[in-house]
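Descriptive analysis of the structure
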Number of protein chains: 2
Amino acid sequence: MPADPRRHVSFKPFPLSLPERKRIVPVFVVGKGNVGRAFLRQVAAARPALAARDVDLRVVGIAGRSSFLFLRAGIPDAVLRAAADGTARIEDHPRAEPHGGLADLAAALAARAMDGQTIVDVTAEDDADQHAAWLRAGWNVVTANKKPLTAPIDRYDAIMAERSRPWSPAYRFEATAGAGLPIFSTLRDMAATGDRIISVNGAVSGTLGFIFSACEDGARFADAVAEAKRLGYTEPDPRDDLAGTDVARKALIVARLMGSRLDLGDVAVESLVPDRVREDLDRRFLDAAARGRTLRYLASVSADGVRVGVEEVGRESPFGGLKGPENMFVIRTARYDAAPLVIRGPGAGAEVTAAGVFADLLRIFDT
Amino acid sequence: MPADPRRHVSFKPFPLSLPERKRIVPVFVVGKGNVGRAFLRQVAAARPALAARDVDLRVVGIAGRSSFLFLRAGIPDAVLRAAADGTARIEDHPRAEPHGGLADLAAALAARAMDGQTIVDVTAEDDADQHAAWLRAGWNVVTANKKPLTAPIDRYDAIMAERSRPWSPAYRFEATAGAGLPIFSTLRDMAATGDRIISVNGAVSGTLGFIFSACEDGARFADAVAEAKRLGYTEPDPRDDLAGTDVARKALIVARLMGSRLDLGDVAVESLVPDRVREDLDRRFLDAAARGRTLRYLASVSADGVRVGVEEVGRESPFGGLKGPENMFVIRTARYDAAPLVIRGPGAGAEVTAAGVFADLLRIFDT
């Protein structure tokens, strides 16, 4: 039995409400780092299968930090692949244009607006205001960028105000929590069907997962950090991981969707940067082991608030069974109460993050 | 921070393509067992939140084995609740009508067809032909019923032929594998974005999960079966669980979506019904434990074929960490290769199964 993905694609039906036979889906990609390039590669590969279903997915634009390329008829697949592989630079394309930053790019985009266009944000820019403006212009926004969703609450509210009108364009951000893991789609289904979300707990840092697993296996915390750095699992400065800020951002995104009014600075975060905390951890691991338990660095979101830090867990618990850099989300609801719903897998990486973005995009147009 | 589900619902945007301000979503529910009643209860509870988003979700009909009620304007919430709670019987409603079986019901339905209507199948009937006919009539079908999807391949093909046309209505069956667990939506996203599915392995029988966990903890197999029966975890005749047929049905549904042309009778199933198999198992558990491993009853679907039976797994593996009646799906793809995507949680029960059906229904209309 061949596991042929084309067979699989065919089981996704068209919605009844298709306005015309051939659907043009114009996409403008902002950001051309690892995730952006993986996304372009995936789109170029999937376009024939989509065309067979009468969806003309067109990347009409790609923007970098200081220039962009816009081709209304769609950027050819060969150019998408070359940009993805780094064999050609978008800024060298004869039709490439300079821009002076995100606000300038937004103005240039507005002049070229296409009906039903979707902006894909795969930057790490602080562009909450652009998200609100893009939605206001009637464009769908799909983002892998966590910063707009963790911006100060008034800027966050400005985004959400744009999407709460009945005719709002779509705003999707699946890739911001677990890359390609189906977290927000699952929470959305639960909420839409009237389930009550009690808590969401997550091991959402691959780096800290790797370090904590090594400590569980007997490594000293300082040595585990050094090993993670050596393997390229950490940010250039490991303190950026140890501070817990990235985990706090993911926790805040979930919490705000559940109604929290907190800002990033309000989230209680246990930083592992101070020397005494790191020395403490070696003892805490030994203490936990003596009780037959272990430690994990978790984000916890519930009616009691948001907490990010070290938690002691049973070895038989879902989090206790997690090893290495994999992520895990444990969702408890009124319906998933005795046993939670658990989603586990790689929660970072260009390919799975791009796939999360791509799935978000397709779900807008193709239920 | 209140975990208020209404807050959560609000983050689900409307699609741009809404044909009119107030959307009428007519639903006809076939089957009024535990899942059907839970579904009616969930719909009655969710209707106000949906109405606030201008979706008028209308249960226009409910059918039992020999009668049905059809009210074009929608069955009032009070009646839905009474039918769900068993305080009133649909067949006693003054407008209830008799029917002479599914084919007869289909004819009665055809005479009352509503534009964009969705049939929700929460029966356990062998009604593949009705599914094909309903789709041919232009109606969406959402099913928790595994039988149509595991019918002989020509009848299965007849269903799939109806849904592969560009203007086909939707056909959704999330609840057939893991109740409310997001299995098919995840596989669909993977396929649509061009991922290649390598294998899907599942612990999909809560009953066998309970029994195998008890054996892992030292119980004799025969005693664990007796205990499962005493607790009401088994079918009235436990051999219906031990034969593995329900697991085989779930495996076949996944396999067929991946391109398999097998029929249910072709699936290699290790039955635990014969006495010698059950005696053998006590020894196999001891042997596995001596190797630091354990046993699980798994469905395995890959390019190598479909297999349902006892597998030895490492205690540190995802399946090894699974306890009791919970289900688990382990999905390996080209993108989820080094570490798979794992979804775990209760895979049966009226509330979560109804929620899976309800989420399928809402996704048809509201991306």
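So, here's what we can say about the structure.

Rules of the game
- Residues numbered from 1 in each chain as written.
- Chains lettered and ligands numbered in written order.
- Predicted model: local features only at pLDDT ≥ 70, side-chain atom pairs only at ≥ 80, totals over all residues.
- Heavy atoms only, no water.
- Phe/Tyr/Trp six-rings, centres within 6.5 Å; stacked < 30°, edge-to-face > 60°.
- Helix = DSSP H or I, 4+ residues; strand = E, 2+ residues; numbered from the N terminus.
- Buried < 20%, exposed > 50% of the residue type's maximum accessible area, 1.4 Å probe, protein only.
- Pairing = 2+ DSSP bridges.
- Contact = heavy atoms within 4.5 Å.
- Axes fitted to C-alpha atoms, helices over the stretch in contact; angles between N-to-C directions.
- Right-handed = clockwise from strand over helix to strand, strands pointing away.

Residue and element names in this part refer to chain A. Counted under the stated rule, the structure contains 16 aromatic pairs over all chains. An angle of 85° between the planes, with centres 4.8 Å apart, marks the rings of phenylalanine 210 and tyrosine 233 as edge-to-face. Of this pair, phenylalanine 210 sits in helix 9 (residues 206–216) while tyrosine 233 sits in the loop between helix 10 (221–230) and helix 11 (239–242), and the two are 23 residues apart along the sequence. Note on tyrosine 233: relative accessible area 38%, which makes it partly exposed.

Ordered by their spatial adjacency, twelve strands build an open sheet running 9(A)-11(A)-10(A)-8(A)-12(A)-13(A)-13(B)-12(B)-8(B)-10(B)-11(B)-9(B), and the pairing between neighbours is mixed. Two strands bound the open sheet, and with one partner strand each, they are strand 9 (268–269) of chain A together with strand 9 (268–269) of chain B. Across six bridges, strand 8 (residues 197–203) of chain A lies against strand 12 (residues 327–333) of chain A in antiparallel orientation. By the bridge assignment, Asn201(A) is partnered in strand 12 of chain A with Val330(A). Helix-sheet contacts for helix 9 (residues 206–216) of chain B involve strand 10 (293–302), strand 11 (305–314) and strand 12 (327–333) of chain B, and the interaxial angle to strand 10 of chain B is about 155°. Along the sheet, helix 12 (residues 245–257) of chain B contacts strand 8 (197–203), strand 9, strand 10, strand 11 and strand 12 of chain B; its crossing angle with strand 10 of chain B, the most-contacted strand, is approximately 40°.

Okay, the pairing of strand 6 (residues 140–143) of chain A next. Residues and elements named next belong to chain A. Every second residue of strand 6 is oriented toward a common face, with Asn140 and Val142 on one face and Val141 and Thr143 on the other, all of them buried. Here strand 5 (residues 118–121) pairs with strand 6 via four bridges, running parallel. Residue pairing in the sheet places aspartate 121 in a bridge with threonine 143 of strand 6. As for the winding sense of the linkage, the β-α-β connection from strand 5 through helix 5 (residues 128–136) to strand 6 is right-handed. Pairing geometry for strand 6 and strand 7 (residues 171–172), over two bridges, is parallel. If you follow valine 141 over to strand 7, its bridge partner there is tyrosine 171.

Function cannot be read off these values alone, since they describe shape.
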